Amino acid sequence: MIDVYYWPTKNAHKVTMMLEETGLGYNLVPVNLGSGDHFKPDFLKISPNNRLPAIVDNEPTDGGEPVSVFESGAILVYLAERTGRLLPTDMRQRTVVLEWLCWQVSGLGPTVMQQEHFAHYASERIDYAVARFNAETRRLYAVLDRQLATRPFVAGDEFSIADIAIYPWIVPWLDDPQCFAVFANVKRWFEVVGQRRATRAAYARADTFAA
Ligand SMILES: N[C@@H](CCC(=O)N[C@@H](CS)C(=O)NCC(=O)O)C(=O)O
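Residues numbered from 1 in each chain as written. Predicted model: local features only at pLDDT ≥ 70, side-chain atom pairs only at ≥ 80, totals over all residues. Heavy atoms only, no water.

> I'd like to hear about the overall build of the chain, residue by residue, with values.
The secondary structure content of the chain amounts to 9 helices and 4 strands. Ordered by position in the sequence, the α and β elements of the chain form the string β-α-β-α-β-β-α-α-α-α-α-α-α. In terms of overall size, the chain behaves like a compact globule, its C-alpha atoms giving a radius of gyration of 17 Å where 211 residues would be expected to give roughly 17 Å. Sequence separation of 24 or more characterises 64% of the internal contacts of the chain that already satisfy a separation of 6 or more. Accessible surface, the chain: about 10,700 Å² in total, of which carbon and sulfur atoms supply 52%. Each charge sign in the chain was given a centre, from 21 positive and 25 negative side chains, and these centres are 4 Å apart. (Helix = DSSP H or I, 4+ residues; strand = E, 2+ residues; numbered from the N terminus. Rg over C-alpha atoms; globule rule 2.2 N^0.38 Å. Contact = heavy atoms within 4.5 Å. Areas by Shrake-Rupley, 256 points an atom, 1.4 Å probe, with all protein chains shown as cover. Lys, Arg positive; Asp, Glu negative; His and termini not counted. Charge placed at Lys NZ, Arg CZ, Asp CG, Glu CD.)

> Provide a residue-level description of the site of the ligand, including the pertinent values.
Thr9, Asn11, His38, Arg51, Leu52, Pro53, Glu71, Ser72 and Met113 make up every residue found near the ligand. Contact distances for the ligand include 2.9 Å between an oxygen atom and a side-chain N or O atom of histidine 38. Within the side chain of serine 72, one N or O atom sits 2.6 Å away from an oxygen atom of the ligand. Notes on the ligand: free accessible area 520 Å², of which the protein chains cover 77%. In terms of residue class, the shell around the ligand is built from 3 nonpolar, 4 polar and 2 charged. (Near = heavy atom within 4 Å. Polar contact = N/O pair within 3.5 Å; in protein donor to acceptor, adjacent residues only side chain to side chain. Nonpolar A, V, L, I, M, F, W, Y, C, P; charged D, E, K, R; others polar.)

> Tell me about the packing of helix H3 (residues 72-83) against helix H6 (residues 161-170), and name the residues and values.
H6 packs onto H3 with a crossing angle of 145° between their chain directions and a minimal axis gap of 10 Å. When you trace H3 past H6, the crossing you get is right-handed. Contacts between H3 and H6 involve Leu76, Val77 and Ala80 from the first element and Ile161, Ile164 and Ala165 from the second. Within the contact of H3 with H6, the residues separate by chemical class into 6 nonpolar, no polar and no charged. (Axes fitted to C-alpha atoms, helices over the stretch in contact; angles between N-to-C directions. Left-handed = near helix turned anticlockwise from the far one by under 90°.)

> Hey, could you go over the environment of leucine 86 for me, with residue numbers and the actual values?
With respect to the helices, strands and loops of the structure, leucine 86 is situated in the loop between H3 and helix H4 (91-121). Once the C-alpha coordinates of leucine 86 and glycine 73 are considered, the two residues, 13 residues apart in sequence, prove to be 13 Å apart. Residues within four places of leucine 86 in sequence aside, it is in contact with Met18, Glu21, Val97, Phe159, Ser160, Ile161 and Ile164.

> Now, about the domain arrangement of the chain: what can you tell me, with residues and values included?
Domain assignment breaks the chain into domain 1 (2-85) and domain 2 (91-197). Contact residues are listed per partner, giving 14 residues for domain 1 and 18 residues for domain 2. If you sort the residues of domain 1 by the area they bury against domain 2, Lys10, Lys14 and Met17 come out on top, with a joint share of 43%. At the junction of domain 1 and domain 2, the tally comes to 4 salt bridges. A salt bridge links glutamate 20 to arginine 197; its shortest N-O distance comes to 3.5 Å. (Domains from an automatic or database assignment. Buried area = accessible area lost by both parts, 1.4 Å probe. Salt bridge = Lys/Arg side-chain N within 4 Å of Asp/Glu carboxyl O.)

> Could you give me a rundown of the packing of aromatic side chains, with the residues and numbers involved?
Evaluated as defined, the whole model comprises 10 aromatic pairs. Consider the rings of tyrosine 6 and phenylalanine 209, whose centres lie 5.0 Å apart with planes at 65°: the pair is edge-to-face. Residue tyrosine 6 is found in strand E1 (residues 2-6), and its partner phenylalanine 209 is found in the segment after helix H9 (197-207); the two are separated by 203 residues along the sequence. Residue tyrosine 6 shares its accessibility class with phenylalanine 209, and that shared class is buried. Feature note: the residues Tyr167, Trp189, Phe190 and Tyr203 constitute an aromatic cluster, connected by ring pairs. Of note, lysine 10 hangs over the ring of tryptophan 169, and the distance from its end group to the ring centre comes to 5.2 Å. (Phe/Tyr/Trp six-rings, centres within 6.5 Å; stacked < 30°, edge-to-face > 60°. Buried < 20%, exposed > 50% of the residue type's maximum accessible area, 1.4 Å probe, protein only. Lys NZ or Arg CZ within 6 Å of the ring centre and 35° of its normal.)

> Please provide a residue-by-residue account of the pattern of salt bridges, values included.
Scanning the model with the defined rule gives 10 salt bridges in all. The closest approach of N and O atoms between lysine 10 and glutamate 116, which form a salt bridge, is 3.1 Å. Taken as a pair, lysine 10 in helix H1 (residues 10-22) and glutamate 116 in helix H4 lie far apart in primary sequence, 106 residues in all. In this structure lysine 10 comes out as partly exposed when scored by relative accessible area, which is 22%. Note on glutamate 116: relative accessible area 15%, which makes it buried. The salt bridge involving aspartate 127 is made with arginine 125; its shortest N-O contact spans 2.9 Å. In this structure aspartate 127 comes out as exposed when scored by relative accessible area, which is 52%.

Printed below as a string of structure tokens:
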């Protein structure tokens, strides 16, 4: 059984999507971000960066002590290697998956986070920051759209952990009427991933939490 330190956030959705895809048994351990649970000392032992998600694998394949993993990208790679799913062993295909996984965790995720912060939550309006992160988000969407123009999934013909990493970061833009009109390839891909049984199951689990 895998314990998932969880609150219904974009990075945590990646983990439940992956667990639903692979069929590994898991248990959600709520970490209420609104109450500051992520600063409690016990959680810091697992996730020293004070952030969700994190997992503890109580039955690692080497038969040893439980393994804890923080950072959503590292968790996806860990689970892919544990199950032999959604991360190709072929060197060339694997490299493409890891490129796009890194693109999400280092680029799309932090940029969308800042875009949302300055557009909706900042205590003062800073037009320069709003414009900068809106423009960079749009640029990243255009990059993704170009990638998806010639292949069904982000890294090629097969669904992979790269698709899982990116999907939750597209969801907030459903509210933007312009977005999917401009990025037709992202729209097509988003609908396909959203219809997967595992995606629906992961988001159904999230709906049982009060965000
Ligand atoms: N690079 C980290 C980012 C994790 C992250 O920012 N998690 C958010 C939830 S999606 C969080 O824990 N936020 C708490 C806070 O900002 O205090 C990852 O990919 O796991």
